[in-house]
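Structure at a glance
Spelled out, the chains give:
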Amino acid sequence: MTVKSLGTVVDDGVVYVYGSDDAAAQGSILWRYRASDGTAYGSSPWLHATLPVWDAPSTMSFNSQIAIGKDKIGLLSLTASTANLVLTIITKSTGVVSSSTTIVNGANKGGADIAADGSDNFYVIWANTANTPNRVNKFNSAGVSQWSITAHTSLYGVYYDRINSRLLICGSAIDGGATDVAIISVADGTTTSSSAVAGADPWLSITGDGRGMYRLGAADIVVSINADYTINWTKTATGFTGYKLAAADGQQTTNVAKTTFRVHRLCGVLDGDVIGFDRRGEIAVASGLASLSAIAAVVFASQNGRYVYFADGVSTKRYDPVTNSMGTWTASAGSLPVSSGYYPRLIATWRGRTVQAGILADPHNWFMSKVNDPTDWDYGATVSAIMAVAGNQTNSTTGMPSDVITCLLPYSDNILFFGLDHTIARLDGDPMAGGQIQVVSDTVGMAWGRPFCRDPFGGIYFVSSRGPVYRMSPSGQLERISQAIDYKLDNIDLGQYVCRMAWDDRAQGAHVFLTPLNRDWETIHYWFDARNQSWWPDVFKDLDHNPKAVYLFDGDLPNDRKLLLGSWDGYIRNFEPTAKEDDGEAIESRVLIGPFAPKGQLPFILKDVQAVFSSDSDPVGYSLHVGSHAEEARAAAAAKVGMFLSGRSRSQFIRRGGHSAYLRLFNSTKGWAWAMESLLAVIAIENQTRRRIF
Amino acid sequence: MQNADQPIPFPIKGVFVSGPISQQPPGTTTDAQNVRAFDPRTDRNRGASRAGLERFCPDQLAAKSVQEIFHAVQVYGNASATGQGDIFVPLASTFSSYDVSGDPIYEGHPSSPSPSHGTFDQDGNLYTTHAGQNGLEVKKFAGFDPAMLLAGDGFLGQGRGLPNVPGPGQAIANFAANAIANDPRVVDIANLDEGNLNAAASHTITNVSVKSNEILVVAVARHSGFDLGHTLLFAGEAMIETERQDNGDFRTSLWSLKPAADLSGALVLSNTHVSGSVAAIAFKIIQLASSASDVTADDSGSSTTPNSTGAGATTVAKEVVVGVVGTRGPSTDDAGTWGASLLAHQRAGTEGGVATSNVTVATAYRIVYQTGTYTASKSGITSRDWCAICTTFK
């Protein structure tokens, strides 16, 4: 018995296997198996008697003969008796054959490939001439032909990209011309665009990755192309059949109980280029190169509805996540904000409005699009509560703040904070519904850009225009929280730094990133531990790791909920709790513990130190410093230097006298991370006689 | 004089630099860097070094600075995360798979003969159909986290037995235990590039774990010294020099150790001779049948085409062929291309100073399923003195 594989698909937790015993001409067979463990799903085989017989064309090779839509499964079969090519459509939930459509009859006229869209339309490549597939037909869910294209010389593969709503075919001489890959219209099958992709002619198989890129196969070669047919990579190897490529495109579900079907598009703006990425690698964005300002230190983006809009000071651009492409942001009414050739540098989305500010030639002004329409900037339209509005427009009584706008901080549907150069203002309510600007502080402003973050409890943290960090309630009540390190923050020239903050929900605290605009400058970032109300300086050994852009990404997968850092070198990184180094660089950690001394400032002899570190801790260095008072001890050369190991280390014999002591822990070895459990010093307090002379 | 215990608690209240030094508030410190009160690995409030950075995206998006990161969400179809973009490529008698960037996951997988169909699910699992000995077979290859994929790591697979089916469709047969799940794989440990390892100095790779059914392998290129014997210790146990090849005072050697029991500890490369450049690559081979070396060969020369010459015929069908090429030159030399169907693995070397004062070592491997004579060779390297080794493990 010879059984031929005709294709396999996965959907809703079920693996469908389509095969045929063509030698015995006993019919096509469809099996169902649980994707989880391979056990049969219901009766096995699932369908046989109701399916046509398969008798493969004698010499024609083929791709898959099965495709699955939303509710229907499409199967291509050849009836051995009459050699008809039949499209059989089955209702997925019942296995009932809902239609059987004869596409063509005649010897050696088979189906080369089949694809389905999300509306149960099926696209079939088949041979009108014996052994030469050259036709593409669309059939609806009832098996009725919607259109048929006959202009192509040869066709082999068809792929429907449900994520990006594209239908692609491959073969040779598309429309009889010189191209071999095409995107065609689902409405009528006409060619939308096509190209002669280098490497092979004809291309025998096509599939996609759900990320806007496609794979083409031919004998001994596979290439990856973008939607504009540019090649990403080429793989050649002797023996590739060229047929039956399959890619993980995210369209075939295994988890029927899945509740979220979000499509995430992560992108970075790199010196003006918009480039997509995910955990796996770069994703080319159509028309993404040289879209935005290449010289702006930072660019800001904000999604409003379908599109993501940008503020870079020099252009008006938007990103379409559905087509993964950049385009021009044009006004459908009125004009996008601009003054003397300068465009906004700040952007946010609030109440369905796209809010912009930060125009160099109009620094006090703010601009808001019409509600839910970022293309409508008509301030002169018939007055309504949802119309576009700006601070200098008379149809609103809100007016402009008296200070230069440095940041936009949307808090809730009712509150938008304006961070200003040396003040903070709060806009209560929509400007076209009586909203008013209230001054929250006339002494504290906000650093430029997005120097803020929010905790889950509604608290706002921001780097002020003077350097210190504040926590602010929605009512505008300010609390200065950085007194412990104000001495360090006061000395920062904010004009030379990009200030960003980000809340880390797992670690329950806020990062304060202070990245110099000079790539070669060293800097110190800070971590605010909200649980201990404490501050911790952070330094990256590689200055290229200093982030100019941060983004708190909350993907569906646990491993995707990360704080992303965009750095000078074009990489996107994140903090990983188990990582023991900074992307190949050592984490140079240190902490000075002390001063410690017995009560009463009595002289003592530090006899030994006993340390317990976590059992999975790597070694950590230590040094002990002793002096006659704290400041002297802090500056003193180490009285003892050593290393603590994981678990309980041997007691470290010291025997040095003084009034005050410090212990420093340090590590600069790449790949080492440490965690302390306890430290204990054994000291001998000097007796009365000794105290007098010591 | 009376003894007293003086606890030294970690300063969980962080940095405080605004008061007198002698009156530092309890629980604070005047100096800290890259530490946390809450241990990032366990979330215990005890004091620890901070979490490190890793690459969220393995690719450098561009050699440019990142001005902004943004995220757009659409409720639009089904999106895959794990393994998205992986591709299945049938060959006449096997198949290959590649990741989204075109990097091989597994080239030339030893599947059943006959072209097959494949499909992926949303979680990155691959299902393939094959015309097997007993009829049509279906296999499932478990998905993987690409972030965890090790260079040269094999495609983790597991077969799924499908029951006999009655009647005319009696075609899908029980699928015998799939060898793929038990295929040997190479797992990286660390590389070393030491410009000048002084006499009596050592280099330590910590936290190495090797199970009793695994084999630890270290490839070493060494300049200016012949006495590397017994200088590779793993958890205090001496590794065995499985093969060596000298070229003047330049040596390339392959060391291995199969521990009698599961063993963890430090891998220490010590120098007992004069100073000289050294480079090494440490990895382990897991899921071997016997965890022992089988046949080996070596050769040396000076050219762009190092070649170990063929080792003797292997004695077991399924083995791992390890190729090592050491060159007397810097790591910036042309790496060349591995021949004999070897899959490039790691490359480590020194650089700086006179070119020939440096050493570089490169490794490659291939999982074979038939007995035969195998070699290790490269072409297109910068013309240097070289030593080449081919050793198989069964």
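Quick notes on the rules
- Residues numbered from 1 in each chain as written.
- Chains lettered and ligands numbered in written order.
- Predicted model: local features only at pLDDT ≥ 70, side-chain atom pairs only at ≥ 80, totals over all residues.
- Heavy atoms only, no water.
- Helix = DSSP H or I, 4+ residues; strand = E, 2+ residues; numbered from the N terminus.
- Polar contact = N/O pair within 3.5 Å; in protein donor to acceptor, adjacent residues only side chain to side chain.
- Buried < 20%, exposed > 50% of the residue type's maximum accessible area, 1.4 Å probe, protein only.
- Pairing = 2+ DSSP bridges.
- pLDDT = per-residue confidence, 0-100.
- Contact = heavy atoms within 4.5 Å.
- Axes fitted to C-alpha atoms, helices over the stretch in contact; angles between N-to-C directions.
- Buried area = accessible area lost by both parts, 1.4 Å probe.
- Salt bridge = Lys/Arg side-chain N within 4 Å of Asp/Glu carboxyl O.
- Nonpolar A, V, L, I, M, F, W, Y, C, P; charged D, E, K, R; others polar.

1. Topic: the environment of B:T382
Residue and element names in this part refer to chain B.
- Topologically, T382 is positioned in the loop between β28 (378–379) and β29 (384–393).
- Sequence separation of T382 and A335 is 47 residues, and the distance between their C-alpha atoms is 7.4 Å.
- A polar atom in the side chain of T382 sits 2.8 Å from the backbone nitrogen of D334.

2. Looking at the pairing of strand β43 (residues 509–516) of chain A
All names here are of chain A.
- Where burial is concerned, most of β43 is hidden: 8 out of the 8 residues are buried.
- Alternating residues of β43 divide into G509, H511, F513 and T515 and A510, V512, L514 and P516, and every residue in both groups is buried.
- As consecutive antiparallel partners, strand β42 (residues 497–504) and β43 are separated by 4 residues, and within that stretch Q508 has a phi angle of approximately 55 degrees, a positive value.
- Examined bridge by bridge, β43 and strand β44 (residues 525–529) share 4 bridges and lie antiparallel to one another.

3. Quick notes on the confidence of the model for chain B
Residue and element names in this part refer to chain B.
- Of the residues in chain B, 72% have a pLDDT of 70 or more, and the chain-wide mean is 76.
- When the elements of chain B are averaged for pLDDT, strand β13 (residues 158–159) gives the smallest value, 28, and strand β3 (residues 35–38) the largest, 97.
- Low confidence marks residues 144–182, where pLDDT is under 50. Its contacts with residues over four positions away, or in another chain, come to 110 contacts.
- Complex prediction metrics read pTM 0.64 and ipTM 0.77.

4. Regarding the sheet that holds strand β19 (residues 231–236) of chain A
Residue and element names in this part refer to chain A.
- One open sheet accounts for 4 strands, arranged β16-β17-β18-β19; its pairing is antiparallel. Of all the strands in the sheet, the pair left with one neighbour each is β16 (205–208) and β19. Strand after strand, the sheet turns through a mean of 15 degrees between neighbouring axes, direction not considered.
- Looking at chain direction, strand β17 (residues 213–218) and strand β18 (residues 221–226) are connected through 6 bridges and run antiparallel. Within β18, the position partnered with A218 by the bridge is I221.

5. A short note on the interface of chain A and chain B
- Chain A puts 180 residues into the contact, and the matching count from chain B is 122 residues.
- Together, the buried faces of chain A and chain B total about 13600 Å²; carbon and sulfur atoms form 57% of this surface.
- By the criterion of area lost to chain B, the three top residues of chain A are A:R279, A:R280 and A:W536, representing 7% of everything that side buries.
- Counting across the chain A and chain B interface gives 10 salt bridges.
- Here A:D582 makes a salt bridge to B:R50, at a shortest N to O gap of 2.6 Å.
- Joining chain A to chain B, the criterion identifies 61 residue pairs in polar contact (both at pLDDT 80 or more).
- Along the lines of polarity and charge, the residues of the side of chain A that touches chain B split into 89 nonpolar, 45 polar and 46 charged.
- Direction of pairing for strand β49 (residues 589–596) of chain A relative to strand β2 (residues 32–33) of chain B: antiparallel, over a ladder of 2 bridges.

6. A look at the pattern of salt bridges
- Considering all chains together, one arrives at 34 salt bridges over all chains under this definition.
- For B:R55, the salt bridge is made with A:D583, and the minimal N-O distance between the two is 2.8 Å. Placement of B:R55 in strand β5 (residues 52–55) and of A:D583 in the loop between β48 (572–576) and β49 is noted, with the two residues assigned to different chains.
- Judged by relative accessible area, B:R55 falls into the partly exposed class, the value being 34%.
- A:R664 is the salt-bridge partner of B:D31, the closest N and O atoms lying 2.8 Å from each other. Here B:D31 is found in the loop between β1 (2–7) and β2, whereas its partner A:R664 is found in strand β55 (residues 660–667) on a different chain.

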